[in-house]
Amino acid sequence: MYSPEDLDYISLMRLGREGPEREDEAARVAVLGFCTTQYYAAVLRGLGRAVGFPLVTYEPEYNTVHQTLLDKKSPLHSFEPDFLVLLTAVQALRNVLLSTDLGDRAARAEQESERLASVVRLASEIPGVTVVVNEFVLPYERAWGNFSSRVPGSLQALVRQTNERLRQVASELNNVYTVDTDYIASWFGKSAWFDERLWFYSKSFSHPEALPRVAGQAIDIFRAVKGKGLKCIAMDLDNVLWGGTVGDDGLEGIRLGELGEGEAYVQFQIWLKELCDRGIILAVCSKNDDDKAREPFREHPDMVLRETDISCFIANWNNKADNLRLVAQRLNIGLDSIVFLDDSPFERNLVRELAPAACVPEMPEDPAEFVPYIESLNLFETAQFSPEDRKRTDFYRANVLREDEEARFTNVDEYLASLQMEAIFERFDDLHLPRIAQLVQRTNQFNLTTIRHSAAELKEFVDDPEYFPFYVTLADRFGESGLVSVVIGRAEGDCLDIITWLMSCRVISRRLEEFVLDRLVEVATNAGIGKLRGRYVPTKKNDLVATHYEKLGFRLSETFPDESRSWELSVRDYVPAQPPIERRVAQLEP
Amino acid sequence: MSREEIRQALEGVFDEVLGQSVELRDDMTAADVDGWDSVVHVMLILATERRFGIRFESAEIANAGTVGEFIDLVEEKSNPPQ
């Protein structure tokens, strides 16, 4: 998290000119543009350094976007960018369009859009790259005044169309994202954004003062693509969800509802509810007696959030850093994916001190400013969205209930049997591809090879007889866990090579991997294949599965110089593990 | 603001933009200061605008004269005639 208004463009540019502290860990970002790129690139580097996302940049000569992309020998390609940012300048587009006769202008705009679309496509073909395209800011010129948007050839109408085209191209390519630059410019203030002096003198698309905000959007997207997004809001209750202290003021005394500041709290809750429905997990972290803290959720008529919206509810008198760790542990997520919201500067500082990995924004004193302030931080950028995300609150809530249940058992097997688990194990199909792609992109811990197959690749596996691509869903009496595991085999003679095996962390320790292996052996047997081969490729995050194959009874067959290891299992000798998981046949969802 | 005060404040601006202190003399030009390239030039202009609450016109941005001329310009803009 960072707050762009705390970050001064002049000091960021100075910082950016110094380069990153450690080049080997830095992301590689190419910055191309139809304008000067140096200001943006310097601010981007400075901001990356200031917020702990170190990066190095490559910029080609001024206004050589097309040539640079087309020339496979250009330094851009040997730079091997992780990210490519494409900067647009509405000032340049404006000049092209306004110098075209009104009657021909729509066609000309179409031509420009197509040229831009082809540039974006070219960029997206660089191996391993993620492309971030800045949309055009709507120009300030309105030759027809407010009527402009109704005139097909007006600058306003054509720039809107061009942006639409850019978004469309991005939605067709799985590694392209757009920045809603007009939103940023509006928030910043367009009269300050546009500085024609700087456009004329140095082809700068905005006043550099706006650049920390613009560059921040790209870094937010970089983080989201790398799976470093924030997943959970852990919030205090008194003076956050309602005004006053429920323990002292009582249910009737708290300020919540249509009167005065009460409405601001309602609005804040509506905003939280929207995030919750989108898949951001909500947790409560409050210094209160548990029953007092739950009372408004149960009985206050103006509460928007209900107990069922809260995946993990912690109200006690322990210190908040410990409670936040408990939230992380109970939800099985990293402390660094939690945002902590608390009105008390003391609690915020305590958490910053004792649980520094958590994201702790300031909170305005006035509840009316909660939403605009937190929105300005863009904390919840995402690189994808699937219907599965919307169920996430239920998944996590069920997990917490499951843990409470587990505490009642002394024997793990009895506990697992009591869950009445059911799993689906099926070949990939189009319906499940978006969620499969999401898991492949996001899973870091339980991931044996961490190969990030692209959506297009995954789609090709569907009908390829050489491949054995499967997804797994899990459900139990507490609810659905959804699509939680992916395993992809490739037949190679008498061997089924497991090129990818990954599983969501939320179903660890449920013996689901044993269920999957039982099925894989069946698949191999049916295909007349005698051997399974798996590989463990160590990364910084997948220590968890270092002994995965060993535990499942595979034999070590080879150790490679990069410390990855290959394991084999004879299908004929395998004794099925038969964990207490019932196989269910997939039914087409409505 | 006196000419000397402006010079000192400008030295602060150069420090802010370049990250190093520069002693400004009237006869200096961009060529005499390490790192004063075209990007830094714009940053110096903008940082000066912010520091003094003034605004330069296009022609003034483009016209890279001596430090002395620049100080004169800042003086003229920050002390408008009554």
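Report follows, based on the coordinates. On a predicted model such as this, the values are computed, not experimentally measured, just so you know.

With that settled, the discussion passes to the interface of chain A and chain B. Taken residue by residue, the interface counts 15 residues in chain A and 22 residues in chain B. The contact between chain A and chain B buries some 1600 Å² in all, and 63% of this surface belongs to carbon and sulfur atoms. On the chain A side of the interface with chain B, the three residues burying the most area are A:Ile10, A:Arg197 and A:Tyr201, jointly 43% of the side's total. Counting every contact that joins chain A to chain B gives 5 residue pairs in polar contact (both at pLDDT 80 or more). At the level of secondary structure, the elements contributing two or more residues to the side of chain A that touches chain B comprise α1 (9-18), α2 (38-50) and α10 (196-202) of chain A.

Residue and element names in this part refer to chain A. Scanning all chains against the criterion turns up 18 aromatic pairs over all chains. Judged by centre distance (5.2 Å) and plane angle (65°), the rings of Tyr 140 and Phe 194 are edge-to-face. Taken together, the residues Tyr 140 in the loop between β4 (130-134) and α7 (155-172) and Phe 194 in the loop between α9 (190-193) and α10 connect sequence positions 54 residues apart. Ring centres of Trp 501 and Tyr 549 lie 5.9 Å apart, and the angle between their planes is 65°; on these two criteria the pair is classed as edge-to-face. Remark: Tyr 549 occurs in helix α24 (residues 548-551) and Trp 501 occurs in strand β13 (residues 495-503); sequence separation between them is 48 residues. Owing to a relative accessible area of 1%, Tyr 549 belongs among the buried residues under this scheme. Its end group placed over the ring of Trp 199, Lys 203 keeps NZ or CZ at 4.9 Å from the ring centre. Lying across the ring of Phe 560, Arg 535 places its NZ or CZ 3.8 Å from the centre.

Residues and elements named next belong to chain A. Ordered in space as β2-β1-β3-β4-β5, the 5 strands form an open sheet in which the pairing is parallel. Only two strands of the sheet have a single neighbouring strand rather than two, namely β2 (55-58) and β5 (176-179). On average, each strand axis in the sheet is inclined to that of its neighbour by 25°, with strand direction left out of account. Direction of pairing for strand β1 (residues 27-33) relative to β2: parallel, over a ladder of 4 bridges. Its bridge partner being in β2, Arg 28 is matched across the sheet by Val 56.

Moving on, we get to the environment of A:Ala383. Residues and elements named next belong to chain A. Looking at the element boundaries, Ala 383 is found in the loop between α17 (370-376) and α18 (387-390). With 160 residues separating them in the primary sequence, Ala 383 and Arg 223 have C-alpha atoms 9.0 Å apart. If near-sequence neighbours (up to four positions away) are discounted, Ala 383 is found in contact with Tyr 177, Ala 224 and Val 225.

Turning our attention to the packing of helix α15 (residues 320-331) of chain A against helix α16 (residues 345-354) of chain A. All names here are of chain A. Where α15 meets α16, the axes come as close as 8 Å, and the angle between the chain directions of the two elements is 65°. Judged by the sense of rotation from one axis to the other, the crossing of α15 with α16 is right-handed. On α16, the residues that touch Lys 320, Ala 321, Leu 324 and Arg 325 of α15 are Glu 347, Leu 350, Val 351 and Leu 354. Taken together, the residues of the contact of α15 with α16 break down into 5 nonpolar, no polar and 3 charged.

Conventions used here
Residues numbered from 1 in each chain as written. Chains lettered and ligands numbered in written order. Predicted model: local features only at pLDDT ≥ 70, side-chain atom pairs only at ≥ 80, totals over all residues. Heavy atoms only, no water. Contact = heavy atoms within 4.5 Å. Buried area = accessible area lost by both parts, 1.4 Å probe. Polar contact = N/O pair within 3.5 Å; in protein donor to acceptor, adjacent residues only side chain to side chain. Helix = DSSP H or I, 4+ residues; strand = E, 2+ residues; numbered from the N terminus. Phe/Tyr/Trp six-rings, centres within 6.5 Å; stacked < 30°, edge-to-face > 60°. Buried < 20%, exposed > 50% of the residue type's maximum accessible area, 1.4 Å probe, protein only. Lys NZ or Arg CZ within 6 Å of the ring centre and 35° of its normal. Pairing = 2+ DSSP bridges. Axes fitted to C-alpha atoms, helices over the stretch in contact; angles between N-to-C directions. Left-handed = near helix turned anticlockwise from the far one by under 90°. Nonpolar A, V, L, I, M, F, W, Y, C, P; charged D, E, K, R; others polar.

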